[in-house]
Amino acid sequence: MATKCRKVDVECRIFQDTWTEKYFFIQHFGTPTCLICHSSVSVNKEVNIRRHYETRHPKFNEISGQARKHEVHNLKWGLENQSLMSKKKSVESERNTCASYAVSKLIAENMKPFNDGDFVKECLMAVVDILCPEIKISFSNVSLSERTVARRIEEMSVDVKKSLKDYCQHFQFFSIALDESTDTKNTAQLAVFVRGVNSAFDTVEELVQLVPMKGTTTGADILEALLKCTTDMELDLSKLVCVATDGAPAMVGEKKGVVALLQNHMEGLGINHKIEKMHCLIHQEALCAKSSNLKDVMDVVVRAVNMILSQGLNHRQFQQLLSEAEAQYGDLLYFCDVRWLNRGAMLERVYALREEIATFLEGKNVNASEFRDPKWLSNLAFLVDLTAHFNNFNLQLQGRNQLVHEMCGHIVVFETKLHLWECQLEKSCYAHFPKLKETQPTDTNTFVTVIRDLKTEFSSRFADIRSHTSEFRLFATPFDMDIDNVPENVQMELIEMQCSDVLRSKFKATDISLPEFYKKYLLETGMYTNLVDHAKKMTSMFGSTYMCEQLFSKMKYTKSKLRNRLTDAHLDGILYLASSSLSPNIERLSSEEQHQVSH
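Since we're looking at a predicted model, the values are computed, not measured. (Residues numbered from 1 in each chain as written. Predicted model: local features only at pLDDT ≥ 70, side-chain atom pairs only at ≥ 80, totals over all residues. Heavy atoms only, no water.)

In terms of helices and strands, the protein chain carries 27 helices and 7 strands. The C-alpha atoms of the protein chain give 36 Å as radius of gyration, which overshoots the globular expectation for 599 residues (25 Å, by more than 25%). With the C-alpha coordinates of the protein chain rotated into their principal frame, the extents come out at 120 × 70 × 50 Å. Taken over 599 residues, the protein chain has a buried fraction of 45%. Of the contacts formed within the protein chain by residues at least 6 apart in sequence, a portion of 69% connects residues at least 24 apart. Here the protein chain has roughly 31,500 Å² of accessible surface; of this, 51% comes from carbon and sulfur atoms. Taking the average place of the 71 positive charges on the side chains of the protein chain and the average place of its 78 negative ones, the gap between the two points comes to 7 Å. (Helix = DSSP H or I, 4+ residues; strand = E, 2+ residues; numbered from the N terminus. Rg over C-alpha atoms; globule rule 2.2 N^0.38 Å. Buried < 20%, exposed > 50% of the residue type's maximum accessible area, 1.4 Å probe, protein only. Contact = heavy atoms within 4.5 Å. Areas by Shrake-Rupley, 256 points an atom, 1.4 Å probe, with all protein chains shown as cover. Lys, Arg positive; Asp, Glu negative; His and termini not counted. Charge placed at Lys NZ, Arg CZ, Asp CG, Glu CD.)

See below:
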């Protein structure tokens, strides 16, 4: 027996235009919708629509003719207008959410407390009340409560971490920078940074995580935290080139240091290439600078400064003295041994205010004979000039995305300067020591000895970085390399490169950086694979832990005594946004939110 085909149009399963005037129904977004109560009917059948009309709205049977058509038109307009208003409110709510994310991002980047969001909103409302009160309601709907700001920052930090994870999965070479410091709650915080280069020669240098170390901070503890970070970011340890540390025993110990333990861990995984161990060049420079201290000078200076600044009355009287004398500076600075540039700044002020300091100490019946002794003042002037040179050197080594060969070049330049100063001081030439020249010293033996000791210190401390000189030169000056002195796997490519006049002219151009040259003119040709890989490896190497030190400065500011209850997760989220060059996708995050009006 043949089966009857069910015809949809016969069963009235297709919406009929006649139902609009007959039952006050229209097809709205594919669904039969009542114009009167805006209810919808699930099944598109006349019997269902008629039942709804007759049971819910029987009084509309009294309307007929032209009046019925007019009523249908009015109800249609009302429904369409309601839809438009609903859509407009949805767009406005999404914009308000985007604005909330944007302000929260600024709060995190500037490391401000979460409850500053309420204050920012008060400021916005005060401005709107005066300048444009007609849009006051739009600003009032932006949610910036403390909990909202905290949640927004957490979501944005997670989004940035996802973006970084995508980069990490495609690194061809990468290096890690590690350093550890203690916050205001005595929690050891391990900063882990990564710098990686992918196959397209794109370089990324970002914070991986700020890891709280609740217990001990031995090499094994740090390795455990580091391996968790690499696992979370899906970093392939076989592509690890270098680990830069601050040189602490827990980091570089021969057997129990984290680098040695990491090397053993990789060998256990069948990864046999050697990790380059880099002692932060800035730390080594600071250690060299400490060796240049003239102890008799520093002891007197620190004692005088502490005597003036540590007692409130003395401090106020000294400031008054400087104000009356219209001195160059209005106050002194405390000496802090761990701050790289502090020694030079402190000594410069002491030298500039030497007369005022001597007068003040004598007025307090404190021995100030050194500040009247020409020989001691010459030693002070020499130390001021020398620390100024060291500060300039230190600033050259600072900064993000520093290439290690450039930092090595700064070291070579400073060593050359030391040799020049030694020769000039032996001849009583003070061309590069202006403060010392003012004092007109009679004996330069002390100064020459200090410079010689510095040369010895530089020679011993930077010996490890000199072992990579040939690799740095191949990367930085490939056209000047002797073919016989480069690895065999790059010799043929280097010959091709050195014989190309076009590449030579592009290399000498001043409008392109070294990584850009390799990316634009060597990578894209596909002819210099080994040279490009070597360049990627050199680009990925860290020369210092500057990023870690910068992060710790931000950490001290963020988790201060007034915010010492800040959780580790919130601290990590704030510092992630404050230090990252990657931006969260605010539009996507906003679209995923359930928009609510602020209250």
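On to the pattern of salt bridges. All told, the structure shown has 21 salt bridges when counted by the stated rule. The shortest N-O distance in the salt bridge between Lys 136 and Asp 129 comes to 3.4 Å. The partly exposed category is assigned to Asp 129, whose relative accessible area is 39%. Note that Lys 165 is salt-bridged to Glu 234, the shortest N-O span being 3.5 Å. Note that Lys 165 is positioned in helix 6 (residues 146–168) and Glu 234 in the loop between helix 7 (219–232) and strand 6 (240–245), a separation of 69 residues in sequence. (Salt bridge = Lys/Arg side-chain N within 4 Å of Asp/Glu carboxyl O.)

This next bit is on the packing of helix 10 (residues 281–290) against helix 18 (residues 445–461). Contact pair helix 10 / helix 18: the axes reach a minimum separation of 10 Å and the direction vectors enclose 155 degrees. Regarding the angle of helix 10 to helix 18, the classification is roughly antiparallel. When the axes of helix 10 and helix 18 are compared, the crossing they make is right-handed. Residue-level contacts link Gln 284, Leu 287 and Cys 288 of helix 10 to Leu 454, Glu 457, Phe 458 and Arg 461 of helix 18. When grouped by side-chain class, the residues that make up the contact of helix 10 with helix 18 number 4 nonpolar, 1 polar and 2 charged. (Axes fitted to C-alpha atoms, helices over the stretch in contact; angles between N-to-C directions. Parallel < 35°, antiparallel > 145°, perpendicular 65-115°, else oblique. Left-handed = near helix turned anticlockwise from the far one by under 90°. Nonpolar A, V, L, I, M, F, W, Y, C, P; charged D, E, K, R; others polar.)

For the rest of this paragraph, the subject is the nonpolar core. Nonpolar side chains in soluble globular proteins tend to be buried together. Judged by nonpolar contacts, the single largest core of 157 residues is most densely connected at Leu 262, Leu 380 and Phe 382. Broken down by element, this core gets its largest block of residues, 11 residues, from helix 15 (residues 374–397). Contacts of Phe 382, omitting those with residues within four sequence positions, involve Leu 294, Leu 425, Phe 433, Leu 436, Phe 447, Val 450 and Ile 451. Judged by nonpolar contacts, the second largest core, of 15 residues, contains Tyr 23, Cys 34, Leu 75 and Leu 79. (Core = buried A, V, L, I, M, F, W, Y, C linked by side-chain atoms within 4.5 Å.)

As a further point, take the packing of helix 22 (residues 501–508) against helix 23 (residues 514–523). Two measures define how a pair of helices packs: the angle their axes make with one another and the distance between the axes. Remark: helix 22 packs on helix 23, axes separated minimally by 10 Å, with the N-to-C direction vectors making an angle of 155 degrees. Classified by the interaxial angle, the pair formed by helix 22 and helix 23 is roughly antiparallel. Read as a crossing pair, helix 22 and helix 23 show a hand that is right-handed. On helix 23, the residues that touch Leu 503, Lys 506 and Phe 507 of helix 22 are Leu 514, Phe 517, Tyr 521 and Leu 522. Here the residues of the contact of helix 22 with helix 23 sort into 6 nonpolar, no polar and 1 charged.

Quick look at the side chain of Asn 48 now. Here Asn 48 shows up in helix 2 (residues 46–56). Residue classification places Asn 48 among the buried positions, given a relative accessible area of 18%. Of note is the side chain of Asn 48, whose polar atom sits 3.3 Å from the side chain of Arg 51. The residues touching Asn 48, leaving out its near neighbours within four places in the chain, are Val 41 and Val 43. (Polar contact = N/O pair within 3.5 Å; in protein donor to acceptor, adjacent residues only side chain to side chain.)

On the surface, Val 127, Ile 130 and Leu 131 cluster together into a nonpolar patch covering about 340 Å² of accessible area. Tracing the sequence through the fold places Val 127 in helix 4 (residues 116–131). (Patch = residues over 30% accessible without salt bridge, like charges linked within 9 Å, V, L, I, M, F, W, Y side chains within 5 Å.)

On to the packing of aromatic side chains. Counted under the stated rule, the structure contains 19 aromatic pairs. Between the aromatic rings of Phe 414 and Trp 421, the centroid separation amounts to 5.6 Å while the plane-to-plane angle is 90 degrees, which identifies the pairing as edge-to-face. Comparing Phe 414 with Trp 421 shows no difference in burial state: the two are buried. Ring geometry for Phe 475 versus Tyr 518: centroids 5.5 Å apart, planes at 25 degrees, classification stacked. Highlighted residues: Phe 475 in helix 20 (residues 469–476) and Tyr 518 in helix 23, separated in sequence by 43 residues. Each member of the pair, Phe 475 as well as Tyr 518, carries the same accessibility label: buried. Stacked on the ring of Tyr 101, the Lys or Arg Arg 152 has its end atom at 4.6 Å from the ring centre. Taking the ring centre of Phe 114 as reference, the NZ or CZ of Arg 563 above it sits at 5.8 Å. (Phe/Tyr/Trp six-rings, centres within 6.5 Å; stacked < 30°, edge-to-face > 60°. Lys NZ or Arg CZ within 6 Å of the ring centre and 35° of its normal.)

The next point concerns the environment of Leu 235. Its location among the elements puts Leu 235 in the loop between helix 7 and strand 6. Distance from Leu 235 to Ala 188, taken between C-alpha atoms, is 24 Å for residues 47 residues apart in sequence. In this view, Leu 235 contacts Cys 168, Phe 171, Phe 174, Val 194 and Thr 230; residues no more than four positions away in its chain are not counted.

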